[in-house]
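Residue-level structural notes
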Amino acid sequence: MTMRTVLVPVEAHPLMTSALQTAVVFARRFESYVEGVPLRAIAADLYFTGAFGGLPVVREPDDGGDSVNEQRKLFETHMQDAGIPRGDVRSKDLAFGWRHGDWIDDGFVGNYARVFDITVFGRPSDSGGARLSTLEAALFEGGRPILIAPPKPPSTLGETIVIAWNGSTETAHVVALSMPLLERAKRVVVLSIEGGMVPGPSGEELAAHLNANGIAAEPVSANTNRRTTGETFLAEATAMGCDLLIKGAYTQSRLRQMIFGGATSHILAATELPVLMAH
């Protein structure tokens, strides 16, 4: 099994360089083809609507074709500096390409991600990271996994993998999509948090399933020690020397996570290590 095609939406934010480097590290594991696409920036004007607050109205900036060329130059320069040759999706070895055409938007990313094995984003942030709406478009519309790059790009990816297991359908889905990475890992840990499970198989049962498929996975259970589930997953994974965390995205609804918080929201906002997610 392999993951041979990588999509990178390219936009101008401070974490883009880390996203590009993370894409390169990932692509080297599978000799993948990496394709860049220019993501349109979106600005929002806030119009107040009385007692209920404000309504954001999308306004497309007038940035013209020069910015598309700048994004293309950013992507291609990074790939060339990494020693990756130019090619196309038919390339049999490590290669990069740029999708010709104008800007793309969130809807296009969600649709186009369906024909790639993975889509790479910088960590989302209101102050200089990837746009959460684009990331969620790929999660909910793409049907494939996404990879979130931390602020500091990793030197390795997928050597020690921690699965943030809570027994959910979403996490089972991302585990299935991650099998090519799990098969290549040196260590795989199935991490369950006490009190953080939904009705479903235990971590021990998932580890037994993975072992039956030739993956030497070990089940580990941890206490929150007054931390949230998301904080505990990140802290335990970091302590294990993890260089890839696998997590089912939004096992609670997005609305509930917006109001009450949740593991997905915390990990997206705070991770310092690469995270692979699917819904």
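What counts, and where the lines are drawn
- Residues numbered from 1 in each chain as written.
- Predicted model: local features only at pLDDT ≥ 70, side-chain atom pairs only at ≥ 80, totals over all residues.
- Heavy atoms only, no water.
- Pairing = 2+ DSSP bridges.
- Helix = DSSP H or I, 4+ residues; strand = E, 2+ residues; numbered from the N terminus.
- Axes fitted to C-alpha atoms, helices over the stretch in contact; angles between N-to-C directions.
- Contact = heavy atoms within 4.5 Å.
- Phe/Tyr/Trp six-rings, centres within 6.5 Å; stacked < 30°, edge-to-face > 60°.
- Buried < 20%, exposed > 50% of the residue type's maximum accessible area, 1.4 Å probe, protein only.
- Core = buried A, V, L, I, M, F, W, Y, C linked by side-chain atoms within 4.5 Å.
- Parallel < 35°, antiparallel > 145°, perpendicular 65-115°, else oblique.
- Left-handed = near helix turned anticlockwise from the far one by under 90°.
- Nonpolar A, V, L, I, M, F, W, Y, C, P; charged D, E, K, R; others polar.

**Structural notes on the sheet that holds strand β5 (residues 95-98)**
With mixed pairing, the 10 strands of this open sheet are ordered in space as β5-β2-β1-β6-β7-β12-β11-β8-β9-β10. Bordering the open sheet on either side are β5 and β10 (217-222), each of which pairs with just one other strand. When the angles between neighbouring strand axes are averaged without regard to direction, this sheet yields 25°. Relative to strand β9 (residues 187-193), strand β8 (residues 160-165) is paired through six bridges, and the arrangement is parallel. Along β9, the bridge assignment pairs Val162 with Val189. Strand contacts of helix α4 (residues 132-141): β6 (118-122), β7 (146-149) and β12 (275-278), with the helix running at about 155° to β7, the strand carrying the most contacts. Its contacts with the sheet put helix α7 (residues 203-212) on β8, β9 and β10, and the angle it makes with β10 is roughly 170°.

**Re the packing of aromatic side chains**
In total, this model carries six aromatic pairs according to the counting rule given. Relative to Phe96, the ring of Phe75 has its centre 6.0 Å away and its plane inclined at 75°; by these criteria the two rings are edge-to-face. In this pair, Phe75 sits in helix α2 (residues 64-81) while Phe96 sits in strand β5, placing the two residues 21 residues apart along the sequence. Note on accessibility: Phe75 and Phe96 belong to one class, buried. When the ring of Phe75 is compared with that of Trp98, the centres are 5.6 Å apart and the planes differ by 45°; the resulting orientation is tilted. You can see Phe75 sitting in helix α2 and its partner Trp98 sitting in strand β5, a full 23 residues away along the chain. Look at Phe75 and you get buried, because its relative accessible area is 0%.

**Some words on the nonpolar core**
Residues Val8, Phe26, Phe75, Ile163, Leu181, Leu182 and Leu210 are the most contacted members of the largest nonpolar core, which totals 46 residues. In terms of residue count, the dominant contributor to this core is helix α1 (residues 16-30) (nine residues). Setting aside residues no more than four positions away along its own chain, Ile163 makes contact with Thr171, Val175, Leu182, Val188, Val189, Val190, Leu191, Leu206, Leu210 and Ile246. Of all hydrophobic cores here, the second largest spans 33 residues; its members include Phe121, Ala130, Ile148 and Leu268.

**Re the packing of helix α8 (residues 229-239) against helix α10 (residues 263-270)**
Contact geometry for α8 and α10: axes closest at 7 Å, N-to-C directions at 50°. Taken together, the axes of α8 and α10 are oblique relative to one another. Crossing of α8 against α10: the hand is right-handed. Touching Thr229, Gly230, Glu231, Phe233 and Leu234 of α8 are Ala263, His266, Ile267 and Ala270, all from α10. Across the contact of α8 with α10, the residue classes break down as five nonpolar, three polar and one charged.

**Things to note about the environment of Ala208**
Inspection of the secondary structure assignment puts Ala208 in helix α7. On the basis of relative accessibility, which here comes to 46%, the residue Ala208 falls in the partly exposed class. Sequence separation between Ala208 and Glu218 is 10 residues, and the spatial gap between their C-alpha atoms is 8.5 Å.

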